[in-house]
Every structure is written in structure tokens, then in C-alpha cells.
Amino acid sequence: MEENIEKYGVAVIVVFGALIIGGLMAATISFGHRNGFLFSLGAATAAWITGFTMVLNLPRVYGVIVAISILLALCATLSLVI
């Protein structure tokens with residue numbers, strides 16, 4: 001895995017960013033929830049940053065930023081439900 005770390009970092013950026021932006025942002029925009037949109041924007045930004053931490057080989061920072069991204073995505077989802 002060490003030899004192709006850039007490929008994995010780019011995959012993380014593309015997959016997480018596309019899923020969060022495509023799913024949560026579209027849902028919150030269509031339902032008119034501004035707070036959910038901002039939460040999903042923050043989650044997408046945090047997921048985008050995780051790709052760079054993977055490329056720079058910072059595993060602890062990677063774990064913290066993934067946790068932040070998951071928390072923001074959960075907040076965006078809860079803003080749609082509540």
C-alpha cells in the first residue's frame with residue numbers, strides 16, 4: 001500500500017467528497033435546510049482534507065479529520081430528519 005499512497009489519497013478525496021456533496025448537499029438544498037447544507041459543506045471539506053493527510057502520511061490527523069467529517073455528516077442528516 002505504501003507504493004500507491006497517492007492513488008489512495010486521491011480516491012479518498014473523490015469518493016468521500018462526491019458522496020457527501022452529491023447526496024447530502026442535494027438533499028438539503030431541495031428541502032431548503034440551510035443549516036444542513038452548511039454541515040454537509042463542512043463534511044465535504046473535511047473529507048477533502050483527509051486525502052491530503054493520507055498523501056502526507058499523517059495517520060493520527062487522518063483519523064481525527066475523518067471523525068470530524070462523520071460528525072458533520074451526521075449533523076447534516078439529523079437536520080433533515082428533525
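Computed from a predicted model, the values in this text were never measured in an experiment.

Thresholds, definitions, all that
Residues numbered from 1 in each chain as written. Predicted model: local features only at pLDDT ≥ 70, side-chain atom pairs only at ≥ 80, totals over all residues. Heavy atoms only, no water. Helix = DSSP H or I, 4+ residues; strand = E, 2+ residues; numbered from the N terminus. Buried < 20%, exposed > 50% of the residue type's maximum accessible area, 1.4 Å probe, protein only. Contact = heavy atoms within 4.5 Å. Expected span 1.5 Å × (residues − 1). Phe/Tyr/Trp six-rings, centres within 6.5 Å; stacked < 30°, edge-to-face > 60°.

A. Structural detail: the environment of K7. Tracing the backbone shows K7 in helix α1 (residues 5–31). What makes K7 exposed here is its relative accessible area of 60%. C-alpha of K7 to C-alpha of L19: the two residues are 12 residues apart in sequence and 18 Å apart in space.

B. How the structure looks around the side chain of T50. Checked against the element boundaries, T50 lands in helix α2 (residues 34–55). Those residues in contact with T50, other than ones at most four positions away along the chain, are V12, Y62, I65 and V66.

C. Spatial organisation of the environment of I21. Along the chain, I21 turns up in helix α1. The partly exposed category is assigned to I21, whose relative accessible area is 42%. In sequence terms I21 and L41 are 20 residues apart; their C-alpha atoms lie 7.0 Å from each other. Excluding its chain neighbours within four sequence positions, the residues that come into contact with I21 are A26 and A44.

D. View of helix α3 (residues 59–81). Compared with the 33 Å implied by 1.5 Å per residue over 23 residues, the 33 Å span of α3 between its first and last C-alpha is a close match. What α3 keeps buried is the set I65, S69, A73, A76 and S79.

E. Geometry of the side chain of S79. On the secondary structure map, S79 appears in helix α3. S79 gets classed as buried once you look at its relative accessible area, which sits at 16%. In contact with S79, not counting residues within four places along its chain, are H33 and G36.

F. Quick look at α2. With 22 residues, α2 should reach 32 Å at 1.5 Å per residue; the first-to-last C-alpha distance of 33 Å fits that figure. Of the positions making up α2, those classed as buried are G36, S40, A43, A44, A46, A47, T50, G51, T53 and M54. One or two positions beyond α2, positive phi appears at N57, with a value near 60°.

G. Seen up close, the packing of aromatic side chains. Summed over the entire model, instances satisfying the criterion amount to 1 aromatic pair. Ring centres 5.0 Å apart and planes at 85° place the aromatic pair W48 and F52 in the edge-to-face group. Of the two residues, W48 and F52 are both situated in helix α2; the distance of 4 residues between them amounts to about one turn of the helix. The class for F52 is partly exposed, based on a relative accessible area of 39%.

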